[in-house]
Amino acid sequence: MSERTIALVTGANKGIGYEIAAGLGALGWSIGVGARDEQRRESAVERLRAAGADAFGVPLDVTDDASATAAARLLEDRAGRLDVLVNNAAITGDWPQEPTRIDPGTIRTVVETNVIGVLRVTNAMLPLLRRSASPRIVNMSSSVGSLTRQSETDDVQAIGPLAAGYPPSKSFLNALTVQYARELRGTNILINLGCPGYVATDLNGFRGVRTPEQGAAIAIKLATLPDDGPTGGFFEDAGEVPW
Ligand code: NAP
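Residues numbered from 1 in each chain as written. Predicted model: local features only at pLDDT ≥ 70, side-chain atom pairs only at ≥ 80, totals over all residues. Heavy atoms only, no water.

(A) Here's a closer look at the packing of aromatic side chains. Enumeration over the complete set of coordinates arrives at one aromatic pair. Ring geometry for phenylalanine 234 against tryptophan 243: centres 5.5 Å apart, planes inclined by 40°, an arrangement best described as tilted. If you follow arginine 78 out to its NZ or CZ, it ends over the ring of phenylalanine 56, 3.8 Å from the centre. (Phe/Tyr/Trp six-rings, centres within 6.5 Å; stacked < 30°, edge-to-face > 60°. Lys NZ or Arg CZ within 6 Å of the ring centre and 35° of its normal.)

(B) Region of interest: the nonpolar core. Leu8, Leu75, Leu82, Leu85 and Met125 are the most contacted members of the largest nonpolar core, which has 34 residues in total. Broken down by secondary-structure element, the contributors of at least two residues to this core are strand E1 (6–10), strand E3 (54–59), helix H3 (65–79), helix H4 (104–129), helix H7 (166–184) and strand E6 (190–194). Examining the composition of this core, we find that eight residues originate from one element, H4, more than from any other. Every residue in contact with leucine 75, bar those within four places of it in the chain, is listed here: Ile6, Leu8, Phe56, Gly80, Arg81, Leu82, Met125 and Leu128. (Core = buried A, V, L, I, M, F, W, Y, C linked by side-chain atoms within 4.5 Å. Buried < 20%, exposed > 50% of the residue type's maximum accessible area, 1.4 Å probe, protein only. Helix = DSSP H or I, 4+ residues; strand = E, 2+ residues; numbered from the N terminus. Contact = heavy atoms within 4.5 Å.)

(C) Molecular detail of the site of the ligand. Asn13, Asn88, Tyr166, Val199 and Thr201 are the nearest of the 29 residues found near the ligand. Note that an oxygen atom of the ligand is positioned 3.2 Å from one of the backbone N or O atoms of glycine 11. The contact in question runs from an oxygen atom of the ligand to an N or O atom on the side chain of lysine 170, over 2.9 Å. Burial of the ligand by the protein chains amounts to 95% of its free accessible area of 900 Å². Cavity membership is defined here by more than half of the atoms lying within 2 Å of grid points; on that basis the ligand lies in the largest pocket. Secondary structure elements with two or more residues in the shell around the ligand: helix H1 (15–25) and H7. Class assignment for the residues of the shell around the ligand results in 12 nonpolar, 11 polar and six charged. (Near = heavy atom within 4 Å. Polar contact = N/O pair within 3.5 Å; in protein donor to acceptor, adjacent residues only side chain to side chain. Areas by Shrake-Rupley, 256 points an atom, 1.4 Å probe, with all protein chains shown as cover. 1 Å grid on protein atoms, 1.4 Å probe; cavity = no way out; pocket = protein on both sides within 12 Å on 5 of 7 lines; lining within 4 Å. Sits in = over half its atoms within 2 Å of the grid points. Nonpolar A, V, L, I, M, F, W, Y, C, P; charged D, E, K, R; others polar.)

(D) Main features of empty space enclosed by the protein. Taken as a whole, this structure holds one cavity of 30 Å³ or more when the rule is applied. The computed volume of the largest cavity comes to approximately 30 Å³. Around the largest cavity, the lining residues are Thr10, Val62, Asn87, Asn88, Ala89, Thr113, Gly117 and Val118. Sorting elements by how many residues they give to the lining of the largest cavity places H4 first, with three residues. Tallied by class, the residues present in the lining of the largest cavity amount to three nonpolar, five polar and no charged. (Points joined across faces, edges and corners; volume = space filled by probe spheres on them.)

(E) Structural detail: the side chain of asparagine 114. Within the secondary structure layout, asparagine 114 lies in helix H4. At 2.9 Å, the side chain of asparagine 114 forms a polar contact with the backbone oxygen of isoleucine 91. Residues in contact with asparagine 114, not counting those within four places in the same chain, are Ala90, Ile91, Tyr166, Ser169, Lys170 and Leu173.

(F) Representation of the sheet that holds E3 in the model. Pairing in this open sheet of eight strands is mixed, and the strands run E3-E2-E1-E4-E5-E6-E7-E8 from one edge to the other. Of all the strands in the sheet, the pair left with one neighbour each is E3 and strand E8 (239–240). Sheet topology places E1 next to strand E4 (residues 84–87); three bridges connect them, and they run parallel. Its bridge partner lying in E4, leucine 8 is registered against leucine 85. The strands that H4 touches are E1, E4 and strand E5 (136–140); relative to E4, the one it contacts most, it runs at about 175°. Packing against the sheet, H7 makes contact with E5, E6 and strand E7 (234–236), and its axis sits at approximately 165° to E6. (Pairing = 2+ DSSP bridges. Axes fitted to C-alpha atoms, helices over the stretch in contact; angles between N-to-C directions.)

(G) Summary view of the pattern of salt bridges. Enumeration over the complete set of coordinates arrives at 11 salt bridges. Salt-bridge contacts for arginine 149 lead to glutamate 236; the nearest nitrogen and oxygen are separated by 2.8 Å. Taken together, the positions of arginine 149 in helix H5 (residues 147–152) and glutamate 236 in strand E7 put the pair 87 residues apart, joining distant regions of the chain. Note on accessibility: arginine 149 and glutamate 236 belong to one class, buried. Put simply, Asp65, Glu112 and Arg120 are held in one network by salt bridges that share partners. (Salt bridge = Lys/Arg side-chain N within 4 Å of Asp/Glu carboxyl O.)

(H) Broad picture of H1. Burial of H1 is extensive: eight of the 11 residues sit out of reach of the surface. What H1 keeps buried is the set Ile16, Gly17, Tyr18, Ile20, Ala21, Gly23, Leu24 and Gly25. The elements touched by buried residues of H1 are E1, strand E2 (30–35), helix H2 (38–50), E4, E5 and helix H8 (212–223).

(I) Spatial organisation of the packing of H4 against H7. The geometry of H4 relative to H7 is characterised by a closest axis approach of 8 Å and an angle of 25° between their N-to-C directions. Classed by the angle they form, the pair H4 and H7 counts as roughly parallel. Classified by chirality, the crossing of H7 by H4 is right-handed. For the pair H4 and H7, contact is made by Val110, Val111, Asn114, Val115, Val118, Leu119, Thr122, Asn123 and Leu126 and by Tyr166, Ser169, Lys170, Phe172, Leu173, Leu176 and Tyr180, respectively. When the residues that make up the contact of H4 with H7 are grouped by side-chain class, the tally is 11 nonpolar, four polar and one charged. (Parallel < 35°, antiparallel > 145°, perpendicular 65-115°, else oblique. Left-handed = near helix turned anticlockwise from the far one by under 90°.)

Structure below.
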């Protein structure tokens, strides 16, 4: 069994996921770069290794059961366990997304990746996480999924564009994570939600105002929580995000 802490980051080939992988790699951890496209995955692994990280590629499409199972098998063979899972991969889906205009198929596609993808990967990895001394699961959410903020402000940076696909998928992910926390209470697994802020990435056409490195910080914090840390919480750099 590997002595190094071993983590898997989904959607780690670019954006915030890449910087989460880089940040955890800088701690001396072994980092599985979960990504669906072989070229993008291997290029990220190369860049992370060049920066000194112990990175390796994990072929993973979060919408595919067989892919999640194969990823778990790869980690089982490599390390026999998983210490940290960061469910970072997500999509916004096609536009328009106003409730009165959205194609229902867009909602299905977004939920398949942003919610069911997290469920699929988490459940595939749980047997490996249960073998860790201090397992952590971090689900990358967004303040656009905060129902409280939706009712409190019109600030598009905080609540996102008017959309029936992406923001509700994060509210759904938040609710799902709370249910996981309830089921896993009494185990040593801590599961939390992180919000990176408004970050310049492909997801928003690089309109975000924070760097991917800044966006990764909350995930790194939640991935390295002490054993008496919180579970079932929703956090950004400044503290708890209202539900
Ligand atoms: P990004 O640059 O678009 O990166 C998304 C990542 O997810 C890419 O690596 C993408 O891979 C991957 N992905 C998408 N579908 C996948 C699938 N089916 N299987 C495997 N990987 C898949 O987005 P980001 O801004 O870094 O977002 C990272 C996380 O932060 C997401 O959960 C997002 O919702 C959240 N977030 C972002 C912001 C922001 O302002 N950027 C704000 C709040 C929350 P490909 O390259 O193959 O497409």
